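Listed below are the residues making up each chain.
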Amino acid sequence: MWFDRPVHFKNSALLAAIGAIAALPVLAETANFGTLNLSRGFDSPTAMLRGSTGGSYSLSAIANTDRHKNKCLGFATPTPDHIIVLQQNFSKLAIQVNSGGKDTTLVVQGPGNSVRCGDDTGQNKDASIVDSDWQAGSYRIWVGTLEAGVKSNYTISLQE
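These numbers come from a predicted model, not from an experiment.

Trainee: Run through the sheet that holds strand S10 (residues 124–134), naming residues and quoting values.
Mentor: Pairing is antiparallel across the open sheet formed by five strands, whose spatial order is S2-S12-S6-S10-S9. Among the strands making up the open sheet, the edge pair consists of strand S2 (48–52) and strand S9 (120–121). As judged from the six bridges shared by strand S6 (residues 90–98) and S10, these two strands associate in the antiparallel manner. Among the inter-strand pairings, Lys92 is bridged to a residue of S10, identified as Ser132.

Quick look at the structure:
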C-alpha cells in the first residue's frame, strides 16, 4: 500500500494550502478616489468627495434597476469611484453629484448588494439620490456618464 501515501500527502498538502489561504486577512477593497467613513451628525463640508468620470463599463451590469425600480444608467470604470462606510444606520441620506452641468449618473451598491441609482435632478443634468433606510456598512459608488469615455471632474456632497 505504498501508493496510498502520496494520495494522503496530496490531500494533506491541499488542506494545508486551504488553511493558509483562509488565514490571510481579508484585503480591503479599493476605490479610484478613496474611502470616506461617516457617522450620524457629520458636518456637510466633511462629506465632500472629488473625482472624475471616464470609462466604458456599463453600470447596468451592476443592476438594470434599483430597489425602487429606477433604471441604472451610464458608463464608468469597473472599480468603484468611492467607498463610503456608514458607521451607523441612517434614516435618510442625500447624495448629490456636481459636475458643472454635465450629464452624470450615479450607482450605489450597499450591504447585501442593495442598489440605488440616480440620474437627472429636476432640471439639473447632474445625478442625485435621496433615499431612506441606509444600513450601516460599506457602499460602493460609481459616477457615470451617458456616453462611454466622457471625462469630467465632479464633486459629491452628502447630507443627512
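Trainee: With reference to specific residues and values, describe the nonpolar core.
Mentor: Core analysis: the biggest nonpolar cluster contains 22 residues, and Leu38, Leu106, Trp134, Ile156 and Leu158 have the highest contact counts within it. Broken down by element, this core gets its largest block of residues, four residues, from S6. With nine residues, the next largest nonpolar core counts Ile62, Cys72, Val107 and Val115 among its residues.

Trainee: Explain the pattern of salt bridges to me, using residue names and the numbers behind them.
Mentor: What the rule picks out here adds up to two salt bridges. Between Arg67 and Asp131 there is a salt bridge; the shortest N-O distance is 3.0 Å. One end of the pair, Arg67, is in the loop between strand S3 (57–58) and strand S4 (75–76); the other, Asp131, is in strand S10, and 64 residues separate them in sequence. A salt bridge links Asp131 to Arg116; the shortest N-O distance between them is 2.7 Å. Of this pair, Asp131 sits in strand S10 while Arg116 sits in strand S8 (residues 115–118), and the two are 15 residues apart along the sequence. If you follow the salt bridges from partner to partner, you end up with Arg67, Arg116 and Asp131 in one network.

Trainee: So what's going on with the packing of aromatic side chains? Which residues, and what values?
Mentor: The final tally for this structure, using the stated rule, is two aromatic pairs. A ring pair is formed by Phe42 and Phe90, whose centres lie 6.1 Å apart and whose planes are at 50°; its orientation type is tilted. Highlighted residues: Phe42 in the loop between strand S1 (35–38) and S2 and Phe90 in strand S6, separated in sequence by 48 residues. When its relative accessible area of 14% is taken as the criterion, Phe42 is described as buried. Between Trp134 and Tyr139, the aromatic rings sit 5.4 Å apart at their centres with planes inclined by 55°, giving tilted as the arrangement. We note that Trp134, like Tyr139, is buried. The ring of Trp134 carries Arg116 above its face, with NZ or CZ at 3.7 Å from the centroid.

Trainee: Give a description of the pairing of strand S11 (residues 137–145) that names residues and reports values.
Mentor: Of all nine residues making up S11, seven are buried, and the element is well covered by its neighbours. Across five bridges, the pairing between strand S5 (residues 82–86) and S11 is antiparallel. Bridging from a neighbouring strand, Leu86 pairs with Gly137 of S11. Two elements, strand S7 (residues 104–109) and S11, share six bridges in a ladder whose sense is antiparallel. From the neighbouring strand, Thr105 faces S11, where its bridge partner is Gly144.

Rules of the game
Residues numbered from 1 in each chain as written. Predicted model: local features only at pLDDT ≥ 70, side-chain atom pairs only at ≥ 80, totals over all residues. Heavy atoms only, no water. Pairing = 2+ DSSP bridges. Helix = DSSP H or I, 4+ residues; strand = E, 2+ residues; numbered from the N terminus. Core = buried A, V, L, I, M, F, W, Y, C linked by side-chain atoms within 4.5 Å. Buried < 20%, exposed > 50% of the residue type's maximum accessible area, 1.4 Å probe, protein only. Salt bridge = Lys/Arg side-chain N within 4 Å of Asp/Glu carboxyl O. Phe/Tyr/Trp six-rings, centres within 6.5 Å; stacked < 30°, edge-to-face > 60°. Lys NZ or Arg CZ within 6 Å of the ring centre and 35° of its normal.

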